[in-house]
Amino acid sequence: MVRLVTLAASIAAASVACRPSATPARDDTVEVLVVAPHPDDEMLIAGGVLARARAQGQRVAVVVVTNGDFTCERNGHVRQDETIAALASIGVAEDQVIFLGYPDGWLVDLGDAPLPPLARTMPDGTCVKTGGTYAHRGAHRRDEHSARSGSAAPYTAVALEEDLAAVLERTRPRDVYVTHPLDTHPDHAATYEYLRRALDRADVAPPRIHRAIVHAGPCWPDGRSRERPCPPVVPDPHAPWMRLPEPFGAYAPRELVPVVDPDAKLRAIGAYRSQFGDDPAHDWLLTFARAEEAFYPEILVEDPSRTRRRLRAPLAEVARASAPLTCDGAREVGIAPYVVTLDPEGARVAITREGALVREWATPLDARCATHDWEARIDRRTDDGVTEITLWRDGRFFGVAIDPWSAPS
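Residues numbered from 1 in each chain as written. Predicted model: local features only at pLDDT ≥ 70, side-chain atom pairs only at ≥ 80, totals over all residues. Heavy atoms only, no water.

Caption draft 1: Geometry of the confidence of the model for the chain. Chain-level pLDDT for the chain is 85 on average; 87% of the residues reach the 70-or-more range. Contacts for the low-pLDDT stretch residues 1-26, under 50 throughout, to residues beyond four places or in other chains number 114 contacts. (pLDDT = per-residue confidence, 0-100. Contact = heavy atoms within 4.5 Å.)

Caption draft 2: Examining helix α6 (residues 262-269) more closely. Considered for burial, the residues of α6 that qualify are Pro 262, Ala 264, Lys 265, Ala 268 and Ile 269. End-on, the buried residues of α6 take up no more than an arc of 155°, which puts them together on one face. The inward-facing, buried residues of α6 contact α1 (41-55), α2 (76-88) and β9 (292-299). (Buried < 20%, exposed > 50% of the residue type's maximum accessible area, 1.4 Å probe, protein only. Helix = DSSP H or I, 4+ residues; strand = E, 2+ residues; numbered from the N terminus. Arc of directions from axis to C-beta.)

Caption draft 3: The state of the cysteines, seen in detail. The full count for this structure, using the stated rule, is two disulfides. Here Cys 219 is linked by a disulfide to Cys 230, with a sulfur-sulfur distance of 2.1 Å. Taking the torsion about the sulfur-sulfur bond, which here is approximately -85°, the covalent link between Cys 219 and Cys 230 counts as left-handed. Of this pair, Cys 219 sits in the loop between β7 (208-212) and β8 (255-258) while Cys 230 sits in the loop between β7 and β8, and the two are eleven residues apart along the sequence. Residue Cys 230 is classed as partly exposed on the basis of its relative accessible area, which comes to 27%. (Disulfide = S-S within 2.5 Å.)

Caption draft 4: Broad picture of unusual backbone geometry. In the segment running from Trp 220 into Pro 221, the intervening peptide bond is cis, with an omega of 10°. Along the chain, Pro 221 falls in the loop between β7 and β8. Even without glycine at this site, Arg 141 takes up a positive phi of about 60°. Position of Arg 141 relative to the elements: it lies in the loop between β5 (127-130) and α3 (144-149). Residue Arg 141 is classed as partly exposed on the basis of its relative accessible area, which comes to 46%.

Caption draft 5: A look at the pairing of β5. Bridge count for strand β4 (residues 118-121) against β5 is four bridges, and the pairing is antiparallel. Residue pairing for β5: Ala 119 is matched across the bridge by Lys 129. With antiparallel pairing between neighbouring strands as the criterion, β4 and β5 make up a hairpin whose turn holds five residues, including Gly 125 at a positive phi of roughly 95°. (Pairing = 2+ DSSP bridges.)

Caption draft 6: Looking closely at the packing of α1 against α6. The geometry of α1 relative to α6 is characterised by a closest axis approach of 10 Å and an angle of 150° between their N-to-C directions. Here α1 lies roughly antiparallel to α6, going by the angle between them. In the crossing of α1 with α6, the sense of the turn from one axis to the other is right-handed. Contact with α1, carried on its side by Met 43, Leu 44, Gly 47 and Gly 48, involves Lys 265, Ala 268 and Ile 269 of α6 and no other residues of that element. (Axes fitted to C-alpha atoms, helices over the stretch in contact; angles between N-to-C directions. Parallel < 35°, antiparallel > 145°, perpendicular 65-115°, else oblique. Left-handed = near helix turned anticlockwise from the far one by under 90°.)

Caption draft 7: How the structure looks around α2. With 13 residues, α2 ought to run about 18 Å at 1.5 Å a step, and its terminal C-alpha atoms sit 18 Å apart, in line with that. The set of residues buried in α2 consists of Gly 76, His 77, Arg 79, Gln 80, Glu 82, Thr 83, Ile 84, Ala 86 and Leu 87. Lining the buried residues of α2 we find α1, β2 (60-66), β3 (97-102), β4 and α6. Among the residues of α2, the N-terminal cap falls to Asn 75, whose side-chain oxygen and the backbone nitrogen of His 77 are separated by 2.9 Å. (Expected span 1.5 Å × (residues − 1). Polar contact = N/O pair within 3.5 Å; in protein donor to acceptor, adjacent residues only side chain to side chain.)

If you want it as structure tokens, here you go:
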């Protein structure tokens, strides 16, 4: 029997931003939207897709959720500059880039209450603790929330959802490229989850979603091992895409999109100079310049079984269960063979199968041990041979866990 854990990535109902107009300007609509967790992820996952779309005259937009400014070791202003330069080299203009300006490394901690001030580098190079979204480049030459409402957004989950929903309503994309919930970087998995929540909130037709993986162990994609030391990095922009390391080796992407000019993508990745290590010619980032880009597509439809608007994948439903989870009461909900559990401190929610961890989430700092209704849905996917466990909290999409146990060898 599966047990559902209380996941806490709280997206509360406290509205922080004015909702955008439900009727966007026609000139803002796009065929392709890329949603990247950090500056450089847009190029790593979909630089070839963007270059092809621009060469074909399609309208595109790029959303960068954070400024990649974790502590003062990373300069968010420099990283914005690098993103604009890299995208320009493949035909994406600055007015097609939207910076949301949320804090790097903290997406899973966003809740109803604003995060405390965080350290970041200012334009003059000083390190200060401050809060609120910011940007100096992109379509508005400031962050999305400031451009739309006149002031920066606090670091909250609802503000991020509303900013993404506003962009979706304005651009009405046909295809969205985003990081996969399986990605082992917490910000990358959270970016997918915030996109799904924004789609539930936005007044738009469900787009096709194309999910991509950047982090899957220390040596991927230039080697399949999850253990160091990693093999030497020898960038080859004409090499095929790599299979994931175990236990996900059989979870194959169902879209391999040829990159028209892999060498151009290699040069574009070189624009993110602040992210290169001591040996730039053999840096890990360069291994994402390959002959193809790999995606795990997801088709979303309206869920007719819900009175509230909800999107779901049109898959055969295997099981569904729901229950309230609190620190003082029930801490498990189950649908065999999965168990969702809330830890005694309410800090983490985990999904396990026969005692083995499938996925866990950190709960937002301000939402631990609060009572929420949790719902889990189990979909055994015959198309790509994995099981997806989808969680909702209080009727809102919370996250997806991927279990490869059913994948063919």
